[in-house]
Amino acid sequence: MSNIPPTPSGLRGAVDLSSLVDRAQRPPQPPAGAPAQAGSPTGAAAPGTETGADLTVPSLVLDVTDDTFQDVLQLSSVVPVIVDIWAEWCGPCKQLSPILEQLTAEYGGRVLLAKVDADTNPQLVQAFQAQSIPTVAALIGGRPLGLFVGALPEAQVRDVYEQVLQAAEQNGVSGRVTVDGAGAPEDTAEQGEPEPEELPPHHQAAYDAIEQGDYATAIAEYKTAILQDPHDQMAVAGLAQVSLLDRLNGHTADDIRAAAGAGPQDVQAQLAVADLDISGGHVEDAFGRLLDLVPTVFGEDREALRVRLVEYFELIGTDDPRVVAARRRLASALY
């Protein structure tokens, strides 16, 4: 684990493909807790299929459930599969999913996208250790690989796709799929690619600023969007994300944890290490750390804890069960 907090391109964990190198000959294993074997779909790679072979699929974007996940494991022996764990109520998911779908289409069958509804597929949520959503992972030759959590700009997601494809090629997963019933590539090219959904101006400006590492400008753009529409939940979640990145920028994990260990009652030190916990996906640790501290402090310190917790609630998703429980505990501590 790096001692440097995550960057925008890898919020809650940078992409690390090293574990896949030189493992192509090992038999694929599903993630722990993954559903049992299901029937193979028409055209899915059968056991023993060469990883460079081509096959036909119903779509480049597949809706996957606990019961059909085994099909995706088989497909991942031919092309890498990006796994998007999302939910209908999740604002950042609505930002990220169109980007994933657009990029998957652009790669023309070299990669598949498997969409998992977190609300209806608890086994897969547990298998991929999706502590918040959106969570994006990959499958290469049946092996799971965590990529990132949260909505990222298109350029950074594209970089992730490129890294996944490079790792897949190193492991002999270099096939291509075609969509059942689709015309030849020259026919589909004439029809043109669907236009990607445009972001609202202040959202786009914030994304552009994040790509440049200009967190202050991104924060200002999201705040402007919220002023114009206080119900813009995507802007609220975006503001929480970039504020977290801004606070962690320039600090090492070792320094943050050392300061927190030296000052268990130092509110600022505990807020910093809670940021680190959130950035690493340790949501319950961050909540518990700050909620334990709330009853022991008063005035500005207590308000700082409350504000930070509310920000985390927006970042994780107000309907997340962990947020619901933490919100209830916070209300009890305050009132």
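Conventions used here
- Residues numbered from 1 in each chain as written.
- Predicted model: local features only at pLDDT ≥ 70, side-chain atom pairs only at ≥ 80, totals over all residues.
- Heavy atoms only, no water.
- Helix = DSSP H or I, 4+ residues; strand = E, 2+ residues; numbered from the N terminus.
- Buried < 20%, exposed > 50% of the residue type's maximum accessible area, 1.4 Å probe, protein only.
- Contact = heavy atoms within 4.5 Å.
- Areas by Shrake-Rupley, 256 points an atom, 1.4 Å probe, with all protein chains shown as cover.
- Arc of directions from axis to C-beta.
- Pairing = 2+ DSSP bridges.
- Right-handed = clockwise from strand over helix to strand, strands pointing away.
- Expected span 1.5 Å × (residues − 1).
- Axes fitted to C-alpha atoms, helices over the stretch in contact; angles between N-to-C directions.
- Salt bridge = Lys/Arg side-chain N within 4 Å of Asp/Glu carboxyl O.
- Polar contact = N/O pair within 3.5 Å; in protein donor to acceptor, adjacent residues only side chain to side chain.
- Parallel < 35°, antiparallel > 145°, perpendicular 65-115°, else oblique.
- Left-handed = near helix turned anticlockwise from the far one by under 90°.
- Nonpolar A, V, L, I, M, F, W, Y, C, P; charged D, E, K, R; others polar.

S.K.: If you had to explain the overall build of the chain to someone new, which residues and values would you point to?
M.R.: Summing up its helical and strand segments, the chain has 13 helices and seven strands in all. Taking all 335 residues of the chain together, 49% fall into the buried category. Sequence-distant contacts in the chain: of pairs separated by 6 or more residues, those separated by 24 or more amount to 76%. Carbon and sulfur atoms provide 51% of the accessible area of the chain, an area that totals close to 16,100 Å².

S.K.: Describe helix 9 (residues 253–262), listing the residues and the values that go with them.
M.R.: Here helix 9 has its buried residues at Ala253, Ile256 and Ala260. Viewed along the axis of helix 9, the buried residues span an arc of 70°, placing them on a single side of the element. Of the residues in helix 9, the exposed ones pointing more than 90 degrees away from the buried face are Asp255, Gly261 and Ala262. Contacts made by the buried residues of helix 9 are with helix 8 (233–248) and helix 10 (267–279).

S.K.: Describe the pairing of strand 4 (residues 112–117), and please don't skip the residues or the numbers.
M.R.: For strand 4, the tally of buried residues reaches five of six residues, placing the bulk of the element in the interior. For strand 2 (residues 61–64) and strand 4, the ladder comprises four bridges, and the chain directions are parallel. Bridge pairing links Leu62 to Ala114 in strand 4. Pairing between strand 3 (residues 81–86) and strand 4: six bridges, direction parallel. For Val81, the partnering residue across the bridge sits in strand 4 and is Leu112. In this fold, the crossover linking strand 3 to strand 4 by way of helix 2 (residues 91–106) has right-handed handedness.

S.K.: Report on helix 4 (residues 154–170), specifying residues and quantitative values.
M.R.: Structurally, the α-helix is built with 3.6 residues per turn, so residues lying three or four positions apart point the same way. In this model helix 4 runs 25 Å from its N-terminal to its C-terminal C-alpha over 17 residues, within 8% of the 24 Å that 1.5 Å per residue would give. Within helix 4 the residues assigned to the buried category are Gln156, Val157, Val160, Tyr161, Val164, Leu165, Ala167 and Ala168. Of the surrounding secondary structure, the elements contacted by the buried residues of helix 4 are strand 3, helix 2, strand 4, strand 5 (135–140), strand 6 (143–149) and helix 6 (201–211). Positive backbone phi, at 80°, marks Gly172, one or two positions downstream of helix 4.

S.K.: Please set out the sheet that holds strand 3 residue by residue, giving values where relevant.
M.R.: Here five strands make up an open sheet; going across it, the order is 2-4-3-5-6 and the pairing mixed. Of all the strands in the sheet, the pair left with one neighbour each is strand 2 and strand 6. Between one strand axis and the next, the sheet turns by 25° as a mean value, whatever way the strands run. Taken strand by strand, helix 2 contacts strand 2, strand 3, strand 4, strand 5 and strand 6, and its axis lies near 155° from that of strand 4.

S.K.: Requested: an account of the pattern of salt bridges, with residues and values cited.
M.R.: Within this structure, the stated rule accounts for twelve salt bridges. Lys115 is the partner of Glu101 in a salt bridge, and the nearest nitrogen-oxygen pair spans 3.7 Å. Placement of Glu101 in helix 2 and of Lys115 in strand 4 is noted, with a sequence separation of 14 residues between them. Residue classification places Lys115 among the buried positions, given a relative accessible area of 10%. A salt bridge links Asp277 to Arg289, with the nearest nitrogen and oxygen atoms 3.4 Å apart. Here the residue Asp277 occupies a position in helix 10, and Arg289 occupies one in helix 11 (residues 283–293), the gap between them amounting to twelve residues.

S.K.: Describe the side chain of Lys115, naming the residues involved and giving the relevant values.
M.R.: Of the polar contacts made by the side chain of Lys115, one reaches the side chain of Asp84; its length is 3.0 Å. Not counting the four nearest positions on each side in its chain, Lys115 is found in contact with Val61, Leu62, Asp63, Val64, Asp84, Trp86, Ser97 and Glu101.

S.K.: Can you lay out the packing of helix 12 (residues 300–316) against helix 13 (residues 321–334) for me, pointing to particular residues and giving the numbers?
M.R.: In the contact formed by helix 12 and helix 13, the axes pass within 10 Å of each other and the chain directions differ by 160°. Regarding the angle of helix 12 to helix 13, the classification is roughly antiparallel. By crossing handedness, the relation of helix 12 to helix 13 is classed as left-handed. Every residue of helix 13 that contacts helix 12 at Arg302, Arg306, Leu309, Phe313 and Ile316 is listed here: Arg322, Val323, Ala326, Arg327, Leu330, Ala333 and Leu334. Grouping the amino acids of the contact of helix 12 with helix 13 by side-chain chemistry returns eight nonpolar, no polar and four charged.

S.K.: Residue-level account of the packing of helix 6 against helix 7 (residues 215–228), with values.
M.R.: Here helix 6 crosses helix 7 at 165°, and the two axes come no closer than 8 Å. Judged by the angle between their axes, helix 6 and helix 7 are roughly antiparallel. Where helix 6 crosses over helix 7, the two elements pack in a sense that is left-handed. Mapping the contact onto sequence places His202, His203, Ala205, Ala206, Tyr207, Ala209 and Ile210 in helix 6 and Tyr215, Thr217, Ala218, Glu221, Tyr222, Thr224, Ala225 and Gln228 in helix 7. Broken down by class, the residue content of the contact of helix 6 with helix 7 amounts to nine nonpolar, five polar and one charged.

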